[in-house]
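Report on the structure
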Amino acid sequence: MADIVIDRVVKEFGSFQALQEVSLTVNDGEFVALLGPSGCGKTTLLRIIAGLETQTSGRVVIGGQDVSDLAPRKRGLAMVFQNYAVFPHMTVFENVAFGLRMQKAPQAEVKRKVERAAALLHIESYLDRYPAKLSGGQRQRVAVARALAVEPAVLLMDEPLSNLDALLRLEMRTELKAVLREAGTTTIYVTHDQTEAMGLADRIAVMYGGKIEQIGAPLEIYATPATRFVGGFIGSPPMNFIKVRCSHGTARIGDAALPCPTAAENLELGLRGEDASLGPSGSGIPFDVRVVEPMGSHLLLTGAIDGQLARIVAPPTAIVNAGERVGLTVDPARVTWIDGTTGRALARA
Amino acid sequence: MPARTSWIPYALIAPSVVFLGALFLVPLVQTIWLSFSAGEGFSLENYQRMAGDLNFALAIKNTFMLTLVVVPLQVVLALGMATMVTKLDKGRDLVLWVLTIPLGISDLAAGLAWLALLQNTGYLNSALYALGLIQGPTGWLSQETPVALFFAIVLAELWRATAIVLVILIAGLQLIPKEFAEAAEIFGAKPWTRFTRITLPLLKPSLQSALILRTVLAFEVFAVVYALGGRNFPVLAGEAYVWQNDNQNYGVAAAYAVLIMAISLAATALYLRVLRTRPEQLP
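Conventions used here
- Residues numbered from 1 in each chain as written.
- Chains lettered and ligands numbered in written order.
- Predicted model: local features only at pLDDT ≥ 70, side-chain atom pairs only at ≥ 80, totals over all residues.
- Heavy atoms only, no water.
- Pairing = 2+ DSSP bridges.
- Helix = DSSP H or I, 4+ residues; strand = E, 2+ residues; numbered from the N terminus.
- Contact = heavy atoms within 4.5 Å.
- Axes fitted to C-alpha atoms, helices over the stretch in contact; angles between N-to-C directions.
- Domains from an automatic or database assignment.
- Buried area = accessible area lost by both parts, 1.4 Å probe.
- Salt bridge = Lys/Arg side-chain N within 4 Å of Asp/Glu carboxyl O.
- Polar contact = N/O pair within 3.5 Å; in protein donor to acceptor, adjacent residues only side chain to side chain.
- Nonpolar A, V, L, I, M, F, W, Y, C, P; charged D, E, K, R; others polar.
- Patch = residues over 30% accessible without salt bridge, like charges linked within 9 Å, V, L, I, M, F, W, Y side chains within 5 Å.
- Areas by Shrake-Rupley, 256 points an atom, 1.4 Å probe, with all protein chains shown as cover.

1. Details of the sheet that holds strand S2 (residues 16-26) of chain A
All names here are of chain A. Pairing within the open sheet is antiparallel, and its 4 strands lie in the order S2-S1-S4-S5. In this open sheet, the two strands that pair with only one neighbour each are S2 and strand S5 (65-66). Two elements, strand S1 (residues 4-13) and strand S4 (residues 57-62), share 5 bridges in a ladder whose sense is antiparallel. Looking at S4, one finds that Ile6 is bridged to Val60. Docked against the sheet, helix H1 (residues 42-50) engages S1, S2 and S4, running at close to 115° with respect to S1.

Structure, rendered in structure tokens:
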């Protein structure tokens with residue numbers, strides 16, 4: 001078991017700065033997801049932690065030891081790759097045993113640990129098969145079992161579920177969470193899929209443009225995004241941003257009045273689609289419904305607030321028609337105020 | 001639709017089939033037939049004359065010795081070179097281009113180039129003389145210096161034909177996703193272990209192709225040997241040439257040719273068996 005300290009790590013590829021002074025502390029036994037769109041630097045950061053890439057400056061400390069200049073094999077970690085990287089010329093058993101063999105573990109211990117990892121991932125019955133005979137989901141299990149078999153202090157996972165189909169991904173996600181909770185390994189998990197990050201992680205680090213935008217527990221990030229990017233990236237539908245004018249601490253939209261911070265010149269109201277409740281026209285914030293999409297569990301309404309695009313989530317039984325104007329009631333405690341110039345969230349009024 | 005297009009694949013391969021039939025299959029059958037005919041009808045006379053020849057055992061021994069020394073050395077050298085080339089970030093194409101220059105030179109020209117270096121009045125002796133290591137022109141390629149002659153031929157063959165192995169192995173190395181080596185590194189494999197446990201097994205199909213090609217060509221070695229040693233170092237293809245041109249005995253020459261083919265086929269079959277990759281172990 002070990003904690004991980006990433007201390008002002010910078011990575012430049014030529015003139016391109018892939019990581020701009022990223023700092024992050026992962027506690028012992030914690031599961032942190034690095035979440036962001038492609039090109040945000042999340043995989044680069046993971047590869048620097050693994051030692052597969054060298055940082056331009058900064059330090060990586062694992063379990064109190066500065067590993068910045070150590071080869072990957074000396075860092076005491078295991079990794080699951082996006083394309084699994086399960087060795088095609090070895091049986092499943094030898095794949096799972098690979099790390100233990102490299103440690104020159106005695107045969108009895110290899111057998112015991114491989115069998116335990118295999119049982120955890122439900123691959124006992126394929127141990128003598130070759131990976132080519134396995135499905136994508138089974139190979140994924142082999143890759144995870146190989147990583148867990150060495151009982152690593154730190155487990156790194158690079159988009160491990162992205163090559164699986166949607167149903168299998170959901171199944172593996174649930175299973176991974178259970179398996180990793182049992183193993184209690186410090187885990188860093190790279191993904192671009194917010195549902196994976198929300199569902200699995202103790203904390204999420206949202207990355208964008210080579211920087212960490214916000215670090216926090218999933219619900220904290222969801223409810224109080226630190227920047228407009230985080231609000232827009234997390235949540236489906238994404239957070240709505242409505243330009244409003246704040247005078248004397250009150251923002252007026254239609255008949256609704258919300259207390260607002262006065263600090264910013266350009267103020268935006270960040271509103272989650274499900275934080276607004278529907279009422280008749282004339283009450284609250286006027287919302288012109290253009291499209292109604294029944295999603296089963298809810299209705300997704302797309303329309304405009306004060307002429308600006310907005311998506312609102314309504315109960316599945318709500319009776320709303322396209323072209324209608326409805327009123328939205330909003331709890332002032334659940335909205336986010338954004339400084340439109342900097343894109344950063346403001347303290348509540 | 002399928003009925004109308006079904007002839008197209010056959011039409012497309014027809015030219016190569018005709019080409020192979022006319023220029024490969026027909027001469028092959030003719031050669032085999034020639035080797036088994038003397039006077040009238042089927043006879044083993046040509047083979048008896050071949051086996052009874054003074055140079056025959058020597059030619060067999062020399063050809064096998066050359067192959068057994070040159071081919072493994074070439075594979076080891078090419079593996080080292082390929083590993084280094086694939087690690088290069090800059091100038092990789094230039095390095096690869098320089099390394100493969102010998103492939104563009106005919107084997108006779110290569111043999112003559114090495115003759116210019118190694119003959120009595122060649123560059124090697126000039127250099128050794130200038131350094132005071134020899135007193136005057138010294139022969140390295142004569143019957144009296146069989147070991148030096150053998151190593152001269154090995155050297156020339158290494159220079160001339162290692163690049164073909166290199167090209168095949170580089171292509172093979174590039175087919176191996178880098179994640180395999182990365183995963184091995186993460187899980188504790190040192191560079192040499194990564195090479196022997198991951199790279200080499202995954203490179204097996206390319207190694208097989210390179211070995212088959214190089215071994216078959218090594219059994220046919222002729223021009224370099226002829227340029228450097230003449231008949232001081234008899235090899236199978238050289239003996240076939242001598243029987244064909246000097247002795248004007250096409251039957252014995254054909255017997256030699258068939259023997260070389262049989263040895264090559266046997267070597268190929270051996271490689272196909274020993275280095276086969278089971279389908280379930282393919283990436």
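2. A short note on the environment of A:Leu200
Residues and elements named next belong to chain A. Among the structural elements, Leu200 can be located in helix H6 (residues 194-200). Along the sequence, Leu200 and Arg173 sit 27 residues apart, while their C-alpha atoms lie 7.3 Å from each other. With near-sequence residues (within four places) excluded, Leu200 lies in contact with Phe31, Arg173, Leu176, Lys177 and Tyr189.

3. Remarks on the sheet that holds strand S17 (residues 285-294) of chain A
Residues and elements named next belong to chain A. With antiparallel pairing, 5 strands are arranged side by side in an open sheet as S16-S20-S17-S18-S19. Strand pairing shows two members of the sheet lacking a second neighbour, strand S16 (276-279) and strand S19 (308-314), which therefore form its edges. Sheet twist, expressed as the mean angle between neighbouring strand axes with direction ignored, is 45°. Examined bridge by bridge, S17 and strand S20 (residues 325-330) share 4 bridges and lie antiparallel to one another. Across the sheet, Phe287 pairs through a bridge with Val326, a residue of S20.

4. Examining the domain arrangement of chain A
Residues and elements named next belong to chain A. Once the domains are mapped, chain A shows domain 1 (4-225) and domain 2 (236-346). The gap between the C-alpha centroids of domain 1 and domain 2 is 38 Å. Facing the 5 residues of domain 1 at the interface are 6 residues of domain 2. Taken over both partners, the interface formed by domain 1 and domain 2 buries close to 490 Å², and the fraction arising from carbon and sulfur atoms is 35%. Linking domain 1 with domain 2 are 0 salt bridges, by the criterion used here. Here domain 1 and domain 2 share 2 residue pairs in polar contact (both at pLDDT 80 or more) between them. Per-element tally for the side of domain 1 that touches domain 2: the top contributor is helix H7 (residues 218-223), with 3 residues. In terms of residue class, the side of domain 1 that touches domain 2 is built from 4 nonpolar, 1 polar and no charged.

5. Here we look at a nonpolar patch on the surface
All names here are of chain B. Together, Leu94, Trp97, Val98, Ile101, Ile105 and Trp159 give the surface a local cluster of nonpolar side chains, amounting to about 590 Å² of exposed area. Here the element with the most residues in the nonpolar patch is helix H5 (residues 92-99); it accounts for 3 residues. Mapping Trp97 onto the fold places it in helix H5.

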